[in-house]
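Chain residues, written in single-letter form:
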Amino acid sequence: MKFPWTIVAVLAVNSLSATPKTETPASVEHATFNSRWSASIESEVKERIMRLNIPFKVRYDEEVSSTIKEYVTNGYRDTELMLGRTSAYFPIFEHYLNVYGLPKELRYLPIVETGLNIKAYSGAGAAGLWQFIAPSARMYGLEVNHTVDERFDAYRATEAAVSMLARLHSHYKDWSLVLAAYNCGPARVNAAIREAGCRDFYTVANYLPQETQHYIPRFIAAAYITNYHKHHGISPRYKGAFGKPLRGVKLFESYTIGEVAHASGVPVEVLRQLNPAYRRSIIPANERGHYLLLPASGLRGLKGLVSARSGRFDHGHRLLYPNAFELAYVVKPGESIEEIASRYNCTVQEIAAWNQLSEEEVFVNQEVTLYVAELIAPIKP
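Since the structure is predicted, the reported quantities are computational estimates derived from the model, not experimental observations. (Residues numbered from 1 in each chain as written. Predicted model: local features only at pLDDT ≥ 70, side-chain atom pairs only at ≥ 80, totals over all residues. Heavy atoms only, no water.)

1. Some details on helix H16 (residues 299-310)
What counts is decided by this rule: The helix and strand labels rest on DSSP assignments: H or I over at least four residues marks a helix, E over at least two residues marks a strand, and numbering proceeds from the N terminus. Given the number of residues in a helix, its expected span is that number minus one, multiplied by 1.5 Å. Accessibility here uses a 1.4 Å probe with only protein chains present; expressed as a share of the type maximum, an area under 20% marks a residue as buried, one over 50% as exposed, and anything in between as partly exposed. Working rule for contacts: check all heavy atoms of both residues, and any pair within 4.5 Å makes them a contact.
The end-to-end C-alpha distance of H16, which contains 12 residues, comes to 16 Å, matching closely the 16 Å that a straight helix rising 1.5 Å per residue would cover. Residues of H16 that are buried: Leu299, Leu302, Leu305, Ser307 and Ser310. Of the surrounding elements, those touching the buried residues of H16 are strand E1 (246-251), strand E2 (255-256), helix H14 (257-264), strand E4 (290-295) and strand E6 (367-372).

2. Structural notes on the nonpolar core
Stated formally: Joining through side-chain atoms within 4.5 Å is the link that ties buried Ala, Val, Leu, Ile, Met, Phe, Trp, Tyr and Cys residues into a set, and such a set is a nonpolar core.
Counting residues in each nonpolar core, the largest one holds 102 residues, and the members touching the most others are Ile49, Trp130 and Leu165. One finds Ala324, Ala341, Val362 and Val368 within the second-largest nonpolar core, a separate group that totals 19 residues.

3. Structural notes on the environment of alanine 127
Tracing the backbone shows alanine 127 in the loop between helix H6 (109-114) and helix H7 (134-139). Given the relative accessible area of 0%, alanine 127 is considered buried. Along the primary structure alanine 127 and asparagine 117 are separated by 10 residues, whereas in three dimensions their C-alpha atoms are 10.0 Å apart. Ignoring any residue separated from it by four or fewer positions in sequence, one finds alanine 127 in contact with Ala120, Tyr121, Phe132, Arg151 and Phe152.

4. Here we look at the pairing of E4
The condition is simple: Note on pairing: DSSP must find at least two bridges between two strands before they are called paired.
Of all six residues that make up E4, six are buried, and the element is covered over most of its length. In the sheet, E1 pairs with E4 via six bridges, with the strands oriented antiparallel. When the bridges of E4 are listed, valine 249 appears paired with leucine 292.

5. Observations concerning the pattern of salt bridges
The test is simple: Here a salt bridge means any side-chain nitrogen of Lys or Arg lying within 4 Å of a carboxyl oxygen belonging to Asp or Glu.
In the structure shown here, the tally under the stated rule is 14 salt bridges. Two residues, glutamate 150 and arginine 288, come together in a salt bridge whose shortest N-O distance is 2.4 Å. In this pair, glutamate 150 is assigned in the loop between H7 and helix H8 (154-172) and arginine 288 in the loop between strand E3 (282-283) and E4, connecting sequence segments 138 residues apart. Across the pair arginine 247 and glutamate 367 runs a salt bridge whose closest N-O atoms are separated by 3.3 Å. Highlighted residues: arginine 247 in strand E1 and glutamate 367 in strand E6, separated in sequence by 120 residues. Judged by relative accessible area, arginine 247 falls into the buried class, the value being 15%. Connected through shared salt-bridge partners, Asp149, Arg151 and Arg279 make up one network.

Laid out in structure tokens, this is it:
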């Protein structure tokens, strides 16, 4: 049975979009396995685990060990693809975690859920990076219909998930219990706490569903492989648009994916890869706006289409600020429009006017135009 709060936990290495495997001689596979994992390596892994910055008590046990071992041995090809997707999704996760004041280490949760496969769909009907079922998605303001399914929108789904996590933490005050409740629902966690007679996750886990018992060990393993993959000879592998600079835009008028592809020069298949929320290749008109993620190289062309469609053209701000530097600024994770205005000695209202923003707010990967009196070295993300 799928409870409204339940998100299906999927071991990352089993849910990644696997690449075709070529036949490899058994002797070579055995040598590779030994070079990636051994008794001495496992001792080092345990030491690194204890250095991880995770917002709950970490325990290195057999399940953590076996999950990491799978990441770096038999599943290393899938691991490389998953790591390649972090460049696209981690900034979005970190943005909303920062906005809500939550630990950035929660960015590892979608690795446990889906291996960062945004198109993931479970047999229980959970969908997207954060594995929402439709009732839970609508509860947190996501649009789910025959045209748009925002469970597959990296921006909207992440904000909904972070909002859920914040709500759970206000109740449990313990991140291990929060993650357990995210997986199996508060009712089951509350019952397990009563049966255990305490709030220690590793004790409470004995009274939780088996899937939830695995959740925290898999989270620890996901955090480990993200931080220490280089120690195992593993590097991110990029497919399609992943690994390239990306930009986010918010669209208010109706567009087809074909129109966006033609204007931006970005292939249709790349737009669909990054934006699977649009089920019929149509981005419908929406007063609050729909997010679109695309390679930075296509932004200029898309802006021309958006101006033409909306009827809002650049009012020649360059002429109004002849002695100022025109700066194309990309919003970093967690930044607010107020912070940007303060840093560049301008007002929120000016930034909104320069960029024809319908609301005085910005989001990660958004490129905004600024007119500044002097160039300031950008802050590294």
